[in-house]
Amino acid sequence: MSAYDVVIIGGGPGGYNAAIRAGQLGLKVACVEGRETLGGTCLNVGCMPSKALLHASELYEAAAGKEFADLGIEVKPSLNLAQMMKQKDESVASLTKGIEFLFRKNKVDWIKGWGRIDGLGRVVVTAADGAVVELQAKDIVIATGSQPTSLPGVTIDHRRIIDSTGALSLPEVPRHLVVIGAGVIGLELGSVWRRLGSQVTVVEYLDRICPGLDQETGKALQRSLSKQGVTFKLGSKVSGAAIGEDGVELSIEPAGGGAVESLQADYVLVAIGRRPYIEGLGLESIGLEPNARGVLENHRSRSAADGVWIIGDVTSGPMLAHKAEEEAIACIERIAGKGAEVNYDVIPSVIYTKPEVACVGKSEEQLKAEGHSYKVGKFPFTANSRAKINHEADGFVKVLADERTDEILGVHMIGPSVSEMIGEYCVAMEFAASSADVALICHPHPTRSEALRQAAMAVEGWAMQA
Ligand code: FAD
Ligand code: NAI
């Protein structure tokens, strides 16, 4: 039996960052991962392959549609889907190898196989060939992530009815792709296939897309995607699916009940959320149980069992790679006896559609519900010279600041490259900046980032360029 200070179960952004930090702090650490490669959902079947296809499909559409022609670039592109998938797979392989390198660099042992907790301080790992290893650990970190939620009546057959993993490697461009769920996955992967030529219909149970999003920003995104050709069926539910040889017939009805209509699709993507992955983890051996929503609860990374810690998608909070990373660092530092905090008020979120959406902090609806008085500063990208000259002026930056103190409470942006710009407001909010602080900072011209400053100026009514 090998003995460790820390054994981490799961090699995704939660697990691998925890392992690296433990190695840096001089702890003897092992990371147990059952997949063939490290990196978890994020690197293998999540953030990275989806961004590879979003990037490639965006360029394809720019070349195939009016965008290049309007710039005076005349080309006649043709789609090589196999090559698009191959370059994605190669990038993913190189990223997962990168984690192996970081493990070696930080003296992390990768124990290949599926881990099961077998009482406090013990993890049993079964490898693909059936070999079993036993590990002893002072501390165990559960970082087993999440998996797609299934929809009763719509069985994922991985052929015609697929989850996000299937939608990242379809063998052909669907003629009609129906996406169930207008959340982040549905909109990002729906965008990929629409750009490559599919007709895309998104069926959403609620009467709005991306329910957690600031409403004005969500409406602007829906308008933009509709203009691009995505059809939304809001307030609708799928009540049945019949799989045929080359397609699926879906039964759709209003969420509140009513007449059933049928919709024919050649592929259906189920993207209605994800749930914690805890199967076969041996939680019963340490007396841990998920709550009613299937989530393993934590208190400052600690579970209710001694020496067992929980981070990432498997526990509460937004299911985001950078949230898992934050929790990983804090958890390991706590294990090592250092002080550490995660500021859950400043975790940005991004939707990588075109235009992109990026948010941090409170939405207007949240502030209203809390009875918090706030001021709004808004600046459109139509008034930003760089966005205009690049023909990508769809969207705005909205800053919400405390009515009395002017402290920035939330920022919601839709527009070009906002994923890269939200970090500025994360820094500002971590330093408890006021909107006036950002309004007084020099930004380079001509950049889209000037819109961030102008929106901050708009909070006090002195935006100069709109
Ligand atoms: P995971 O990444 O799920 O890793 C958990 C790992 O644990 C897995 O590799 C699993 O095999 C392993 N495991 C589970 N049980 C065991 C066991 N018993 N023994 C051994 N190993 C085990 N987030 C973003 O922030 N930005 C994005 O752009 C983004 N895009 C996404 C796109 C898609 C299509 C999807 C599906 C998700 C996306 N996410 C994105 C979410 C992101 O992938 C997750 O939030 C993140 O991966 C969570 O990290 P984690 O370490 O908690 O879990
Ligand atoms: P989601 O929670 O973002 O969206 C699910 C959507 O499905 C919601 O709008 C919900 O109302 C709807 N829905 C639920 N049940 C339904 C039903 N029966 N019929 C129709 N609609 C229904 O979940 P999604 O898109 O599956 O993503 C899972 C997680 O992955 C998210 O929590 C997200 O944080 C993460 N992710 C993050 C990305 C990013 O940061 N850019 C990209 C992709 C995923």
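Now for a look at the structure at hand.

About the cut-offs
Residues numbered from 1 in each chain as written. Chains lettered and ligands numbered in written order. Predicted model: local features only at pLDDT ≥ 70, side-chain atom pairs only at ≥ 80, totals over all residues. Heavy atoms only, no water. Pairing = 2+ DSSP bridges. Helix = DSSP H or I, 4+ residues; strand = E, 2+ residues; numbered from the N terminus. Axes fitted to C-alpha atoms, helices over the stretch in contact; angles between N-to-C directions. Contact = heavy atoms within 4.5 Å. Patch = residues over 30% accessible without salt bridge, like charges linked within 9 Å, V, L, I, M, F, W, Y side chains within 5 Å. Areas by Shrake-Rupley, 256 points an atom, 1.4 Å probe, with all protein chains shown as cover. Salt bridge = Lys/Arg side-chain N within 4 Å of Asp/Glu carboxyl O. Buried < 20%, exposed > 50% of the residue type's maximum accessible area, 1.4 Å probe, protein only. Expected span 1.5 Å × (residues − 1). Arc of directions from axis to C-beta.

1. Some thoughts on the sheet that holds strand E22 (residues 408-415)
Turning to step 1, where the next piece is worked out: Strands sit in the order E18-E19-E22-E21-E20 across an open sheet of five strands; the sheet is antiparallel. Edge positions in the sheet fall to strand E18 (349-351) and strand E20 (374-380), since each of these pairs with one other strand and no more. Shown here is a sheet whose adjacent strand axes are inclined to one another by a mean of 10°, direction ignored.
Turning to step 2, where the next piece is worked out: In this structure, E20 lies alongside strand E21 (residues 396-402), joined through seven bridges in antiparallel fashion. Opposite Lys378, over in E21, you have Lys398 as the bridge partner.
Turning to step 3, where the next piece is worked out: Packing of helix H8 (residues 215-227) onto the sheet brings it into contact with E18, strand E19 (356-361), E20, E21 and E22, and relative to E22 it is tilted by some 5°.
Turning to step 4, where the next piece is worked out: Those strands touched by helix H12 (residues 418-430) are E18, E19, E21 and E22, and its axis lies near 170° from that of E22.

2. Some words on a nonpolar patch on the surface
Turning to step 1, where the next piece is worked out: A contiguous nonpolar surface patch, about 250 Å² in accessible area, is contributed by Leu71, Ile73 and Val75.
Turning to step 2, where the next piece is worked out: Here Leu71 is to be found in the loop between helix H4 (66-70) and helix H5 (81-105).
Turning to step 3, where the next piece is worked out: The class of Leu71 is partly exposed, set by a relative accessible area of 49%.

3. What about H8?
Turning to step 1, where the next piece is worked out: For H8, built from 13 residues, the straight-helix expectation of 18 Å at 1.5 Å per residue is met to within 8% by its first-to-last C-alpha distance of 18 Å.
Turning to step 2, where the next piece is worked out: Burial in H8 covers these residues: Thr217, Gly218, Ala220, Leu221, Ser224 and Leu225. Down the axis of H8, the buried side of the element spans an arc of 160°, and every buried residue falls inside it. Seen from the buried face of H8, the exposed residues on the opposite side, beyond 90 degrees, are Lys219, Arg223 and Lys227.
Turning to step 3, where the next piece is worked out: Buried residues along H8 sit against helix H7 (184-195), strand E11 (231-233), E18, E19, E21 and E22.

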